[in-house]
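Summary of structural features
The primary structure of each chain is shown beneath.
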Amino acid sequence: MIELVDIAYVRSGAADLAGAVRFATEVVGLEHVDGGEPGVAHLRADGRHHCLAFVEGVSGVIASAFTVADPGALALAETELETRGFAVRRGDAAEARSRRVSEFVAFDDPFGNRIELVVGQQTLARPVRFARGSGITEFGHLCLDAPDITEAHRFWSTTFNARASDWIGDAACLMRIDEVHHKLAVFQGDRPGLCHVNFQVAELDDVFRNWHHLQDHDVVIEMGPGRHPQSGAVFLYFLGPEGLTYEYSYGVRRITDEAAWRPRFFDPAERGSIDMWLGPTQKPITQPQLIPEGIRP
Ligand SMILES: O=C/C=C/C(C(=O)O)=C(/O)C(=O)O
Ligand SMILES: [Fe+2]
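Here the structure is a predicted model, which is why all the values come from computation and not from measurement.

**So, the coordination of the iron ion (ligand 2)**
Within the protein, the iron ion (ligand 2) binds to H141 (NE2), H196 (NE2) and E247 (OE); these donor distances fall in the range 2.0 to 2.2 Å. Counting gaps between the donor residues of the iron ion (ligand 2) yields the pattern H-x54-H-x50-E. Here H141, found in strand β9 (residues 136-146), pairs with E247, found in strand β16 (residues 245-250); they are 106 residues apart in sequence, far enough to count as distant. Considered together, H141 and E247 belong to a single accessibility category, that of buried residues.

See below:
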């Protein structure tokens, strides 16, 4: 069993790098950390050097990354994945540098999502220079697509330490790797892909202020504001460039009594099972797909 300590970053291709950065800063509010690396833009939300990286080129997800404890744990993870039949690739020094990690390995999950396991993710000591006052406090969770979420849960809970916090029928499984209700979610989708990236905000007011900011900038609101009955968080999903869906949320549940928590099973057909405020719920309009292997940077 490989222990995931935290989520690390999402790395995504951007056909229009400047446009993706402009949206991530001026609209979402993230800091653009100038890494002096042509064709790569790092976006910061919290202590991590970055939690989102755009790489100029073909649009689509490159990888979703998780932290493991130390180089020894990474080496053990590499062996365990190989033993389980996964093709694991060690990143080289230039790739690790671009990711601001000391070492990483990459493999494809059983559904084709490219996953990276990292150690030594760089922390920046200085406060985040948010591009605007969106109230972001941290990179909250990432959400993958897979055709069969029962199988996805089996994979994440047997290969890794992910535990189901809640299920939404056969549409989604929300999983925790620490006290936070979910840092990883898998949604049912025909193909692998990245369903959304989540940023927590400090106050309920931030969700609503951001909602107005998005509307003022003609951003497509995909869902919300609403409240998820699973994590209890107030949410707002919106569509950015390159097909990337962002989510702001406030008030995610923490599961502090691990032994007492039992995953719940919500019926997606029940009105209110996605949004307790009974707002319109719909799937994201577009979802970024993985960049095909041959051309993935
Ligand atoms: O559709 C349900 C989504 C639930 C949650 C939550 O409970 O917070 C998410 O954040 C999500 O996976 O997007
Ligand atoms: Fe979410």
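**Focus on the nonpolar core**
Counting 65 residues, the largest nonpolar core has F54, L117, W156, F199 and Y246 as its most contacted members. By residue number, the principal contributor to this core is helix α1 (residues 17-28), which donates seven residues. Setting aside its immediate chain neighbours within four residues, F54 contacts S12, A14, L17, A20, A24, G39, V40, A41, L43, L244 and Y246. One finds A65, A96, V101 and V118 within the second-largest nonpolar core, a separate group that totals eight residues.

**Let's talk about the pattern of salt bridges**
Once the charged atoms of two side chains with opposite charge are near each other, the side chains can pair. Within this structure, the stated rule accounts for 20 salt bridges. Two residues, R264 and D166, come together in a salt bridge whose shortest N-O distance is 2.8 Å. Remark: D166 occurs in strand β10 (residues 163-168) and R264 occurs in strand β17 (residues 264-266); sequence separation between them is 98 residues. For R264, a relative accessible area of 28% corresponds to the partly exposed category. Note that E203 and R209 form a salt bridge whose closest N and O atoms lie 3.4 Å from each other. Accessibility expressed as a relative area gives 38% for E203, which makes it partly exposed. Take R209: its relative accessible area is 46%, and that puts it in the partly exposed class.

**A word on the state of the cysteines**
Tallying each qualifying case throughout the model produces zero disulfides. Unpaired in terms of disulfides, C51 finds its nearest cysteine sulfur in C143, a separation of 16 Å. On the accessibility criterion, C51 (1% relative accessible area) is buried. Looking at the unpaired C143, the closest cysteine sulfur is the one in C195, lying at 3.6 Å. Taking the relative accessible area as the measure of exposure, C143 reaches 0% and is therefore buried.

Calculation notes
For every chain, the first residue of its written sequence is number 1, and the numbers climb from 1 along that sequence. By the order in which they are written, chains take letters starting at A while ligands take numbers starting at 1. With pLDDT at 70 or above as the cut-off, local features in this predicted model cover only qualifying residues; side-chain atom pairs require 80 or more to be listed or tallied, and sums for whole chains, interfaces and linings still use all residues. Values shown for side chains rest on all heavy atoms present in the structure; no hydrogens or waters enter the calculation. Because no water is among the atoms considered, metal sites can look incomplete, with donors defined as N, O and S atoms within 2.8 Å of the metal, or 3.2 Å for Na, K and Ca. For the purposes of this entry, the term helix denotes a DSSP run of H or I that reaches at least four residues, the term strand denotes a run of E that reaches at least two, and both are numbered from the N terminus. Only protein chains enter the accessibility calculation, which uses a 1.4 Å probe. A residue is then buried if its area is under 20% of the maximum for its type, exposed if over 50%, and partly exposed in between. We call a set of buried residues a nonpolar core when its members are Ala, Val, Leu, Ile, Met, Phe, Trp, Tyr or Cys and they connect through side-chain atoms within 4.5 Å of each other. The contact rule is simple, with two residues in contact once any of their heavy atoms fall within 4.5 Å. We count a salt bridge whenever a side-chain nitrogen from Lys or Arg sits within 4 Å of a carboxyl oxygen from Asp or Glu. Note on disulfides: each one is a pair of cysteine sulfur atoms within 2.5 Å.

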